[in-house]
Amino acid sequence: MKTGLVLEGGAMRGMYTAGVMDIMMDHNIRFDGIIGVSAGALFGVNYLSGQRGRVIRYNKKYNGSKEYMGLLPLIKEGNIVSTRYAYDRVPRLYDVFDNETFKASGVDFYAVVTNLQTGQPEYMQVKDVYEQMDVLRASGSMPFVSKPVQIGNQLYLDGGVSDSIPYAYFEELGFDRLVVVLTRDLEYRKKAMSPLMIEAGYYKYPEFCEHLKKRHEVYNRSVRILKRREEKGEIFVIRPSRPIEIRRIETDPDKLQKVYDEGIKDATDCLEQLMAYLGK
């Protein structure tokens, strides 16, 4: 049996994922591989560094800084989340990421990115967080409020544009027992984005535009398939038991904590079933 953990994105809805991961860390639940999209990738690396509580801690502490996130970095850098602050100072100086433990974990970790030229998802294995920070940054670079990230000779943006819940990819890699953590409740359905806005922002990249226009259809179909697989007992899904009410760019520490606590509660409530599914 080869177990995999799949982490959806969702910007600050990722505090829910952080709560779920911390409960799984508390009970020493290990996986053979982990794949994350956007915030799922950015926060998921902390699972393998074993840093329980780090995600909620640094977000509560730094999200409110005008230099970290918001209008100021958007104007100065072209990124709503500051590259210098969020991807350099925080993990290297202010709340240090344990890169050595991550590298020594022996667990394969993947981040999903979207190729701006082709519009297709690419699944990049991250072996060293510090050396491959641009891969994580690309996965979490939201369209319209982030500059594309160059890796090699290609430009990339948010992996959620092309594959928001990459359970199918992990099955292709041979992971036959999957746990999927979603950041949307069961009733959520994604809506279409404005085609005019998409064309205005990315007219130079027609394939990327087409993926953005169809993103809601692809996402909703993926969720429907996942639900059927869940009902058959083929995949274990942890999702919010009620709608998460939080802004994508949230600075209020109390609201961040509330979403994190919901993840703690939901993961605790399904812990017995999760352990049984994994054969623990």
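For the structure itself, look to the data block above.
Residues numbered from 1 in each chain as written. Predicted model: local features only at pLDDT ≥ 70, side-chain atom pairs only at ≥ 80, totals over all residues. Heavy atoms only, no water.

Focus on the overall build of the protein
In step 1: Each helix and strand in the protein was counted, giving 12 helices and 8 strands.
In step 2: Its C-alpha atoms give the protein a radius of gyration of 18 Å, within 12% of the compact-globule value 19 Å for 280 residues.
In step 3: Put simply, the protein has 280 residues, and 55% of those count as buried.
In step 4: For the protein, the share of sequence-separated contacts (at least 6 apart) that also reach a separation of at least 24 residues comes to 74%.
In step 5: Per element, the accessible surface of the protein, about 12700 Å² overall, is 49% carbon and sulfur.
In step 6: Between the centroid of the 40 positive side chains of the protein and the centroid of its 38 negative side chains there is a distance of 3 Å. (Helix = DSSP H or I, 4+ residues; strand = E, 2+ residues; numbered from the N terminus. Rg over C-alpha atoms; globule rule 2.2 N^0.38 Å. Buried < 20%, exposed > 50% of the residue type's maximum accessible area, 1.4 Å probe, protein only. Contact = heavy atoms within 4.5 Å. Areas by Shrake-Rupley, 256 points an atom, 1.4 Å probe, with all protein chains shown as cover. Lys, Arg positive; Asp, Glu negative; His and termini not counted. Charge placed at Lys NZ, Arg CZ, Asp CG, Glu CD.)

Re the pattern of salt bridges
In step 1: The tally for this structure, following the rule as stated, stands at 19 salt bridges.
In step 2: A salt bridge links Glu77 to Arg84, with the nearest nitrogen and oxygen atoms 3.4 Å apart.
In step 3: Its relative accessible area of 46% is what places Arg84 among the partly exposed residues.
In step 4: Across the pair Arg229 and Glu234 runs a salt bridge, and its minimum N-O distance is 2.3 Å.
In step 5: Because the salt bridges share partners, they merge into one network encompassing Lys227, Glu230, Glu231 and Arg239. (Salt bridge = Lys/Arg side-chain N within 4 Å of Asp/Glu carboxyl O.)

Regarding unusual backbone geometry
In step 1: The residue Asn28 is not glycine, and still its phi comes out positive at about 55 degrees.
In step 2: Its location among the elements puts Asn28 in the loop between helix 1 (14-26) and strand 2 (33-37).
In step 3: For Phe144, which is not glycine, the phi torsion reads 75 degrees and is therefore positive.

Some details on the environment of Pro253
In step 1: Structurally, Pro253 is set in helix 11 (residues 253-269).
In step 2: Among the residues examined, Pro253 registers a relative accessible area of 33% and is labelled partly exposed.
In step 3: Linking Pro253 and Asn63, residues 190 residues apart in sequence, is a C-alpha distance of 8.1 Å.

Quick word on the packing of helix 3 (residues 54-62) against helix 5 (residues 83-94)
In step 1: With their axes 12 Å apart at the nearest point, helix 3 and helix 5 run at an angle of 115 degrees to one another. When you trace helix 3 past helix 5, the crossing you get is right-handed. Side by side, helix 3 and helix 5 meet where Arg54, Tyr58 and Tyr62 of the first sit next to Tyr85, Val90, Pro91 and Tyr94 of the second.
In step 2: Across the contact of helix 3 with helix 5, the residue classes break down as 6 nonpolar, no polar and 1 charged. (Axes fitted to C-alpha atoms, helices over the stretch in contact; angles between N-to-C directions. Left-handed = near helix turned anticlockwise from the far one by under 90°. Nonpolar A, V, L, I, M, F, W, Y, C, P; charged D, E, K, R; others polar.)

Points about the packing of helix 3 against helix 11
In step 1: Interaxial distance between helix 3 and helix 11 falls to 9 Å at its minimum, and their mutual angle equals 165 degrees. The orientation of helix 3 with respect to helix 11, classified from their angle, is roughly antiparallel. Relative to helix 11, the crossing made by helix 3 is right-handed. Judged by residue contacts, Ile56, Asn59 and Lys60 of helix 3 engage Pro253, Leu256, Gln257 and Tyr260 from helix 11.
In step 2: Taken together, the residues of the contact of helix 3 with helix 11 break down into 4 nonpolar, 2 polar and 1 charged. (Parallel < 35°, antiparallel > 145°, perpendicular 65-115°, else oblique.)

A few points about a positive patch on the surface
In step 1: There is a patch of like positive charges on the surface, built from Arg189, Arg221, Arg224, Arg228 and Lys232.
In step 2: Inspection of the secondary structure assignment puts Lys232 in the loop between helix 10 (206-231) and strand 8 (235-238).
In step 3: Accessibility expressed as a relative area gives 64% for Lys232, which makes it exposed. (Patch = residues over 30% accessible without salt bridge, like charges linked within 9 Å, V, L, I, M, F, W, Y side chains within 5 Å.)

Side note on the packing of aromatic side chains
In step 1: On inspection of all chains with the given rule, the structure shows 17 aromatic pairs.
In step 2: Between the aromatic rings of Tyr188 and Tyr219, the centroid separation amounts to 6.1 Å while the plane-to-plane angle is 75 degrees, which identifies the pairing as edge-to-face. With a gap of 31 residues between them, Tyr188 in the loop between strand 7 (177-181) and helix 9 (195-202) and Tyr219 in helix 10 connect regions that are remote in the sequence.
In step 3: Between the NZ or CZ atom of Arg177 and the centre of the ring of Tyr277, over which it lies, the distance is 5.4 Å.
In step 4: Here the guanidinium or amino end of Arg184 rests over the ring plane of Tyr188, the centre of that ring lying 3.9 Å away. (Phe/Tyr/Trp six-rings, centres within 6.5 Å; stacked < 30°, edge-to-face > 60°. Lys NZ or Arg CZ within 6 Å of the ring centre and 35° of its normal.)

Focus: helix 5
In step 1: Here helix 5 spans only 14 Å end to end across 12 residues, well under the 16 Å set by a 1.5 Å rise per residue.
In step 2: Of the positions making up helix 5, those classed as buried are Tyr85, Ala86, Tyr87, Val90 and Pro91. For helix 5, the angular spread of buried residues about the axis comes to 160 degrees, placing them on one side.
In step 3: The inward-facing, buried residues of helix 5 contact helix 2 (39-49), helix 3 and helix 7 (133-139).
In step 4: In this structure Ser82 caps helix 5, since a side-chain oxygen of it lies 3.4 Å from the backbone nitrogen of Arg84. (Expected span 1.5 Å × (residues − 1). Arc of directions from axis to C-beta. Polar contact = N/O pair within 3.5 Å; in protein donor to acceptor, adjacent residues only side chain to side chain.)

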